[in-house]
Amino acid sequence: MRVIRAGGVSLRWEPRAAAVCGVLAAVAACAAVLVVGSGEFPISPPDVVRVLVGRSDRATEFIVTTLRLPRAVTGLLAGLALGLSGAIFQSISRNPLGSPDLIGFTTGSATGALLQILVFGGGAVAITVSSVAGAVLTALAVYLVAYRRGGGVHGVRLVLIGVAAAAMLEALNSYLITRAELREAYEAAFWLTGSLNGRDWDQAVPLALALAVLVPATLVLARPLGMGELGDDAAQALGVPVQRTRALLTVAGVGLVAAATAAAGPVPFVALAAPQLARRLTRRPGAQLLPAALTGAALLAGGDLLSLHLPVAVPVGVVTGVLGGVYLAWLLSTTGRR
């Protein structure tokens, strides 16, 4: 690790982490280019790149920029948001299982969308708004229940109460589907799997705008987040306002997972796996926010590419669910041995 100083500003430079970030960004970009080139009308990667730099015919340009590029961009941005959100909550809870998938925030976002689809019959915009509202309200409820006067929010309490909230919301989601008409139930079940099919700029642009605000805010809080992993007493001794920082990071993490879920549906296990993989790749302790975000983008883009080339077309959420289930079993077994 090196420290680079310029005037009154100092930056920490870690060559291995920087190299890992470069490789992950390249993997995510290559997977996205291959996703854009996949379909009934295959387009080679060089032709995709030519379209992106403005050197192609109109027919190919229409297929790439209008029909396929929004899907790839949505996948990259949603994966980045999920990876970063997972790193935040795993660091806050100091628990590798402290992922928004497992502590109810993603499920709450899905509940909001299902209520709009099955009960109120709203359109795409209303579904997006309800999805975000569901995540925010679930996070607020979990945070308030986990809060203790004088002690604030403890990571273990946050995880346990979040798991309980997720179980109750899953039961509510199942009930809503069983009470719905067949067509509406099919639409809701498809949305719950997490899919990038049919995504256009109406999903990609709002997600990009949300990340433009939330990602810089999260990176600014990276140093207090790392100190928080030392424990509340140690962090407070170093001058970190633990509860305020934890509350701000919770807001940022919920915003990230809500934006990703609204755009791509509740894609499972990316937020759980990305931070752990990032730590193993960088071989650095603490919250590796940028590597985790890029790992999430690479995982979701790679999962989408795999879903397009399977013998049977499946949503990307099915692919990440299968891979994530294997990863979760491995994580639990290794944690249990330690």
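Further up the page is the structure itself.
Scoring rules and cut-offs
Residues numbered from 1 in each chain as written. Predicted model: local features only at pLDDT ≥ 70, side-chain atom pairs only at ≥ 80, totals over all residues. Heavy atoms only, no water. Helix = DSSP H or I, 4+ residues; strand = E, 2+ residues; numbered from the N terminus. Contact = heavy atoms within 4.5 Å. Patch = residues over 30% accessible without salt bridge, like charges linked within 9 Å, V, L, I, M, F, W, Y side chains within 5 Å. Areas by Shrake-Rupley, 256 points an atom, 1.4 Å probe, with all protein chains shown as cover. Salt bridge = Lys/Arg side-chain N within 4 Å of Asp/Glu carboxyl O. Buried < 20%, exposed > 50% of the residue type's maximum accessible area, 1.4 Å probe, protein only. Phe/Tyr/Trp six-rings, centres within 6.5 Å; stacked < 30°, edge-to-face > 60°. Axes fitted to C-alpha atoms, helices over the stretch in contact; angles between N-to-C directions. Parallel < 35°, antiparallel > 145°, perpendicular 65-115°, else oblique. Nonpolar A, V, L, I, M, F, W, Y, C, P; charged D, E, K, R; others polar. Core = buried A, V, L, I, M, F, W, Y, C linked by side-chain atoms within 4.5 Å. Left-handed = near helix turned anticlockwise from the far one by under 90°.

**Q** Give me the lowdown on the environment of P266, citing residues and values where you can.
**A** Mapped onto the fold, P266 is located in the loop between α11 (242–264) and α12 (270–282). Counting along the chain gives 158 residues from P266 to G108, while the straight-line C-alpha distance between them is 9.8 Å. Every residue in contact with P266, bar those within four places of it in the chain, is listed here: T106, A110, W191, L192, T193, G194 and T261.

**Q** How would you sum up a nonpolar patch on the surface? Please name residues and give values.
**A** There is a patch of nonpolar side chains on the surface, built from V49, L52 and V53 and spanning about 260 Å² of accessible area. Mapped onto the elements, V49 comes out in helix α2 (residues 45–52).

**Q** Can you lay out unusual backbone geometry for me, pointing to particular residues and giving the numbers?
**A** Phi is positive for F269, which is not a glycine, with a value near 70°. In this structure, F269 sits in the loop between α11 and α12. A relative accessible area of 18% places F269 in the buried class.

**Q** Can you lay out the packing of aromatic side chains for me, pointing to particular residues and giving the numbers?
**A** In the structure shown here, the tally under the stated rule is one aromatic pair. Taking the centre distance of 5.0 Å and the plane angle of 65° together, the rings of F89 and F105 count as edge-to-face. With F89 in helix α3 (residues 58–93) and F105 in helix α4 (residues 105–120), this pair connects stretches of sequence that are 16 residues apart. For the pair F89 and F105, one class covers both residues: buried.

**Q** Go over the packing of α3 against α12, please, and point to the residues and values.
**A** Contact geometry of α3 with α12 gives a least axis separation of 7 Å together with a crossing angle of 70°. Between α3 and α12, the crossing angle belongs to the class labelled roughly perpendicular. Note on element contacts: α12 touches α3 through V270, A271, L272, A274, P275 and Q276, opposite G79, L82, G83, G86, A87 and Q90. A class-by-class count of the residues in the contact of α3 with α12 yields seven nonpolar, five polar and no charged.

**Q** How would you sum up the nonpolar core? Please name residues and give values.
**A** One finds L82, F105, L207, L211 and L256 to be the most contacted residues of the largest nonpolar core, which totals 46 residues. Contributing elements (two or more residues each) for this core: α3, α5 (124–146), α6 (155–178), α8 (201–220), α11, α12 and α13 (289–309). If we ignore the near neighbours within four places in the chain, the residues touching L82 are V257, A260, V267, V270 and A271. Listed in part, the 12 residues of the second largest apolar core include V48, V51, I63 and V64.

**Q** Could you give an account of the packing of α3 against α13, naming the residues involved and the relevant values?
**A** Where α3 meets α13, the axes come as close as 7 Å, and the angle between the chain directions of the two elements is 140°. Regarding the angle of α3 to α13, the classification is oblique. For the crossing formed where α3 meets α13, the hand is right-handed. Along its contact with α3, which presents R71, G75, L76, A78, G79, L80, G83, L84, A87 and I88, the element α13 presents L289, A292, A293, G296, A297, L300, A301, D304, S307 and L308. The residue makeup of the contact of α3 with α13, split by class, is 13 nonpolar, five polar and two charged.

**Q** I'd like a description of the pattern of salt bridges, backed by residues and values.
**A** With the rule as written, the count across this model stands at two salt bridges. As a salt-bridge pair, R50 and D47 come within 2.3 Å of each other at their nearest N and O atoms. Residue R50 and its partner D47 are both found in helix α2; the two are separated by three residues, about one turn of the helix. On the basis of relative accessibility, which here comes to 29%, the residue D47 falls in the partly exposed class. Among the ionic pairs, D304 bridges to R71, the shortest N-O distance being 2.6 Å.

**Q** Lay out the side chain of Q276 in plain terms, naming residues and giving numbers.
**A** The residue Q276 is located in helix α12 in this model. Apart from the residues lying within four places of it in its own chain, the contact partners of Q276 are Q90, P96 and Y327.

**Q** Could you give an account of the environment of A292, with specific residues and numbers?
**A** Along the polypeptide, A292 turns up in helix α13. Residue A292 is classed as buried on the basis of its relative accessible area of 0%. A292 sits 208 residues away from L84 along the chain, and the two C-alpha atoms are 5.7 Å apart. Setting aside residues up to four positions removed in sequence, A292 forms contacts with G83, L84, A87, A274, P275 and A278.

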